[in-house]
Amino acid sequence: MQNIRTVITERISAKLDIGDLPRIGPKKMWASFGNNTACDGCGKPILKTDIEYEFNLGDKQTCRFHIGCAGLWQAELQRRGLVEL
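Everything numeric here is computed off the predicted structure, so don't read it as measured data.

Undergrad: Could you clarify how one ought to interpret the pattern of salt bridges in this entry?
TA: Between side chains of opposite charge, pairing is possible as soon as their charged atoms come close. Under the defined criterion, the tally for this structure stands at 5 salt bridges. Between Arg64 and Glu52 there is a salt bridge; the shortest N-O distance is 3.7 Å. Placement of Arg64 in strand β5 (residues 62–66) and of Glu52 in strand β4 (residues 51–56) is noted, with a sequence separation of 12 residues between them. For Arg64, a relative accessible area of 23% translates into the label partly exposed.

Undergrad: What should I look at first to understand helix α1 (residues 4–18) in this one?
TA: Residues spaced three or four apart along an α-helix point in a common direction, a consequence of the helix completing one turn every 3.6 residues. The terminal C-alpha atoms of α1 lie 21 Å apart, and with 15 residues this matches the ideal 21 Å at 1.5 Å per residue to within 8%. Within α1, the full set of buried residues consists of Ile8, Ile12, Ser13, Lys15 and Leu16. The arc that holds the buried residues of α1, viewed along the axis, is 160°, so those residues lie on one side. Every exposed residue of α1 that faces more than 90 degrees away from the buried side is listed here: Asp17 and Ile18. Those residues of α1 that are buried lie in contact with α2 (67–79). Between the side-chain oxygen at the start of α1 and the backbone nitrogen of Arg5 there is a gap of 3.1 Å, and the oxygen is on Asn3. A positive backbone phi angle near 90° is found at Gly19, which sits one or two residues after α1.

Undergrad: Would you take a moment to explain unusual backbone geometry for this structure?
TA: Leaving glycine out, the prevailing phi sign among residues is negative, and the prevailing peptide bond configuration is trans. Look at Asn36: it is not a glycine, yet its phi comes out positive at around 70°. Take Asn36: it is sitting in the loop between β1 (30–33) and β2 (37–38).

Undergrad: What's the story with the packing of aromatic side chains in this structure? I'm lost.
TA: In total, this model carries 3 aromatic pairs according to the counting rule given. Geometrically, the ring pair formed by Phe55 and Trp73 is stacked, given 5.2 Å between the ring centres and 15° between the ring planes. Note that Phe55 is positioned in strand β4 and Trp73 in helix α2, a separation of 18 residues in sequence. Phe55 gets classed as buried once you look at its relative accessible area, which sits at 0%. A centroid spacing of 5.1 Å and a plane angle of 20° characterise the contact between Phe65 and Trp73, whose relative ring orientation is stacked. For Trp73, a relative accessible area of 0% puts it in the buried group.

Here is what the cut-offs are and how they apply
- Residues numbered from 1 in each chain as written.
- Predicted model: local features only at pLDDT ≥ 70, side-chain atom pairs only at ≥ 80, totals over all residues.
- Heavy atoms only, no water.
- Salt bridge = Lys/Arg side-chain N within 4 Å of Asp/Glu carboxyl O.
- Helix = DSSP H or I, 4+ residues; strand = E, 2+ residues; numbered from the N terminus.
- Buried < 20%, exposed > 50% of the residue type's maximum accessible area, 1.4 Å probe, protein only.
- Expected span 1.5 Å × (residues − 1).
- Arc of directions from axis to C-beta.
- Contact = heavy atoms within 4.5 Å.
- Polar contact = N/O pair within 3.5 Å; in protein donor to acceptor, adjacent residues only side chain to side chain.
- Phe/Tyr/Trp six-rings, centres within 6.5 Å; stacked < 30°, edge-to-face > 60°.

Right, here's the structure in full:
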């Protein structure tokens, strides 16, 4: 059985492959408490007790992640050579 980190990393990788997640890193990210909106990384709700990382894209789309999912997404971008951190 795969651990949750591996499952989420594979989900993020697949979303990058099909274009459901941006392939560029944000210039700015904001953090606040969640409001039960779905995480763009894992798809689960970001609860009011969770920290939500959010950024806007140029086309007025907003991406929201759990703190861990944001880190996994950024790590996958770096692994693919799409961003330098």
